[in-house]
Amino acid sequence: MILQDSVIAITGGGQGLGRAMAEFLASKGARLALIDLMPEKLEEAVAACKVAGVEAKAYVCNVTKEEDVEKTFAQIAEDFGQLNGLVNNAGILRDGLMVKAKDGEIVKRMELASWQAVIDVNLTGVFLCGREAATQMIKTNSRGAIINISSIARAGNMGQSNYSAAKAGVAALATVWAKELARYNIRSMAIAPGFIETDMTASMKQEALEKLCAGIPAKRMGQPYEIAQTVAFIFENDYVSGRVIEVDGAMRL
Ligand SMILES: NC(=O)C1=CN([C@@H]2O[C@H](COP(=O)(O)OP(=O)(O)OC[C@H]3O[C@@H](n4cnc5c(N)ncnc54)[C@H](O)[C@@H]3O)[C@@H](O)[C@H]2O)C=CC1
Ligand SMILES: CC(C)c1ccc(C(=O)O)c(O)c1O
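The structure reproduced in this document is the subject of the present report. (Residues numbered from 1 in each chain as written. Chains lettered and ligands numbered in written order. Predicted model: local features only at pLDDT ≥ 70, side-chain atom pairs only at ≥ 80, totals over all residues. Heavy atoms only, no water.)

## Section: the site of ligand 2
Here is step 1 of the chain: If you check the shell around ligand 2, you find L93, S151, I152, N157, Q160, Y163, G194, F195 and M200 and nothing else.
Here is step 2 of the chain: At 2.6 Å from an oxygen atom of ligand 2 is found a side-chain nitrogen or oxygen belonging to S151.
Here is step 3 of the chain: Within the side chain of Y163, one N or O atom sits 2.4 Å away from an oxygen atom of ligand 2.
Here is step 4 of the chain: Computed on the free molecule, ligand 2 has an accessible area of 350 Å², of which 77% lies beneath the protein chains in the complex.
Here is step 5 of the chain: Within the shell around ligand 2, the residues separate by chemical class into 5 nonpolar, 4 polar and no charged. (Near = heavy atom within 4 Å. Polar contact = N/O pair within 3.5 Å; in protein donor to acceptor, adjacent residues only side chain to side chain. Areas by Shrake-Rupley, 256 points an atom, 1.4 Å probe, with all protein chains shown as cover. Nonpolar A, V, L, I, M, F, W, Y, C, P; charged D, E, K, R; others polar.)

## Thoughts on unusual backbone geometry
Here is step 1 of the chain: A positive phi angle, close to 70°, is found at D5, a residue other than glycine.
Here is step 2 of the chain: Looking at the element boundaries, D5 is found in the segment before β1 (7-11).
Here is step 3 of the chain: Positive phi, close to 50°, is recorded for D103, a residue that is not glycine.
Here is step 4 of the chain: Counting through the fold element by element, D103 comes out in the loop between β5 (99-102) and β6 (105-108).
Here is step 5 of the chain: What makes D103 exposed here is its relative accessible area of 76%. (Helix = DSSP H or I, 4+ residues; strand = E, 2+ residues; numbered from the N terminus. Buried < 20%, exposed > 50% of the residue type's maximum accessible area, 1.4 Å probe, protein only.)

## Re the side chain of T230
Here is step 1 of the chain: Topologically, T230 is positioned in helix α8 (residues 224-236).
Here is step 2 of the chain: Engagement of the side chain of T230 in a polar contact is seen with the backbone oxygen of E226, the distance being 2.8 Å.
Here is step 3 of the chain: Those residues in contact with T230, other than ones at most four positions away along the chain, are I191, I245 and V247. (Contact = heavy atoms within 4.5 Å.)

Take a look at the structure:
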């Protein structure tokens, strides 16, 4: 697929990895539909994409709400007349051990609300956006790809029952959709990043960061543009589908 003039939707496009992807795809001439909960962040991201001379539009939408997602993708198709790709990137963390025993007392450390919040955004949100993107791609006869952002945590990370389950789920969905959607010329892939340098890691103490990087064979965190490059590679290579690309500096949990 040629990115120049293609229309790509990115959830969680207002900041972090989503914004880095948006700016990188804009530099390759793609037209962007950025989806997020935060209107101000969205406007900043849209303005940054427009600097590259491409069309970009903001869509305030909660990816967990079916009606909201349906309206958003219908609007994107109406605004752009086509849809060639989706990056299912919006995600949240609510970490905690499942249970902890201390002084003879067993405490449930991960409450159902934390489990459900992460499943709602990181798994159900990916399903809803994937379904609506596919619907509009088929309706507008647009070939392209759907990319789910997973994580190395999909292998099972301590303190992340909710997050690991969701990230394993979205990796599996990429394979399901690759098989179901190939007949419509739609591919599907997942990317599993390791630790990537973001505002969150920038606020960590130097000592904690050094300890973290010491455990990564590459001895550094990944950069947001390295995930963005992988996104562009997937869109541009028409024979990659149904697999997970790990971008983690060789780190294993
Ligand atoms: N930063 C890292 O080291 C890694 C990140 N990831 C994944 O990459 C993705 C992006 O991560 P970051 O950029 O670090 O996160 P971030 O927290 O900086 O950005 C996430 C964006 O998603 C949006 N969002 C959250 N809930 C939403 C909802 N219900 N509806 C619409 N938008 C919503 C937020 O407003 C925010 O703009 C996530 O899926 C995350 O799990 C995976 C592995 C490592
Ligand atoms: C456990 C993995 C590498 C990880 C680390 C940090 C974040 C984040 O800040 O959002 C993640 O989403 C992760 O998957």
